[in-house]
Amino acid sequence: MHFDRELDVKGLNCPLPILRTKKALAGMSSGEVLHVLATDPGSVKDFQAFARQTGNDLLSSAEMNDVFEYYLKRK
């Protein structure tokens, strides 16, 4: 999937992945896509809730080899 910016938050635990994602999205333009890599298993529910609460679109989420990958589209 095409993305405009990548954020690696592997090794960080809640709430840091969400806080760093929020900061990264704030510096992006509407419609741009952020690719996030995380290792915190709790991030799955966190990113779903974050997208609902902020209005940003969670385009996809996947897990491979204990790494969670998210694509968020800036509102």
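A few points on the structure. (Residues numbered from 1 in each chain as written. Predicted model: local features only at pLDDT ≥ 70, side-chain atom pairs only at ≥ 80, totals over all residues. Heavy atoms only, no water.)

Considerations on the overall build of the chain
Broken down by element type, the chain carries two helices and four strands. Counting helices and strands in the order they occur from the N terminus, the chain gives β-α-β-α-β-β. Here the C-alpha radius of gyration of the chain, 11 Å, is about what a compact globule of 75 residues would show, namely 11 Å. Seen through its C-alpha atoms, the chain measures out along the principal axes to roughly 30 × 25 × 20 Å. Taken over 75 residues, the chain has a buried fraction of 33%. Across the chain, every contact between residues at least 6 apart in sequence was considered, and the portion connecting residues at least 24 apart equals 69%. (Helix = DSSP H or I, 4+ residues; strand = E, 2+ residues; numbered from the N terminus. Rg over C-alpha atoms; globule rule 2.2 N^0.38 Å. Buried < 20%, exposed > 50% of the residue type's maximum accessible area, 1.4 Å probe, protein only. Contact = heavy atoms within 4.5 Å.)

Side note on the pattern of salt bridges
Counted by the stated rule, this structure contains one salt bridge. Asp 8 is the partner of Lys 10 in a salt bridge, and the nearest nitrogen-oxygen pair spans 3.3 Å. (Salt bridge = Lys/Arg side-chain N within 4 Å of Asp/Glu carboxyl O.)

Considerations on the packing of aromatic side chains
How two aromatic rings sit relative to each other is given by the distance of their centres and the angle of their planes. In total, this model carries two aromatic pairs according to the counting rule given. Both rings, one in Phe 3 and one in Tyr 71, keep their centres 6.2 Å apart while their planes meet at 50°; by these two values the pair is tilted. A residue pair is termed long-range when its members are at least 10 positions apart, and Phe 3 in the segment before strand S1 (5-8) and Tyr 71 in strand S4 (residues 67-73) qualify at 68 residues. Residue classification places Phe 3 among the partly exposed positions, given a relative accessible area of 31%. Ring centres of Phe 47 and Tyr 70 lie 4.2 Å apart, and the angle between their planes is 15°; on these two criteria the pair is classed as stacked. In this pair, Phe 47 is assigned in helix H2 (residues 43-54) and Tyr 70 in strand S4, connecting sequence segments 23 residues apart. Tyr 70 matches Phe 47 in its accessibility class, with the two residues each being buried. (Phe/Tyr/Trp six-rings, centres within 6.5 Å; stacked < 30°, edge-to-face > 60°.)

Comments concerning the pairing of S4
Note that strand S2 (residues 33-38) and S4 share six bridges and pair antiparallel. Considered in S4, the bridge of Val 36 is made with Tyr 70. Where strand S3 (residues 57-64) meets S4, seven bridges bridge the pair, whose relative direction is antiparallel. Bridged to Met 64 within S4 is Val 67. Once S3 ends, the chain turns through two residues before running back antiparallel as S4, passing Asn 65 with a positive phi of about 55°. (Pairing = 2+ DSSP bridges.)

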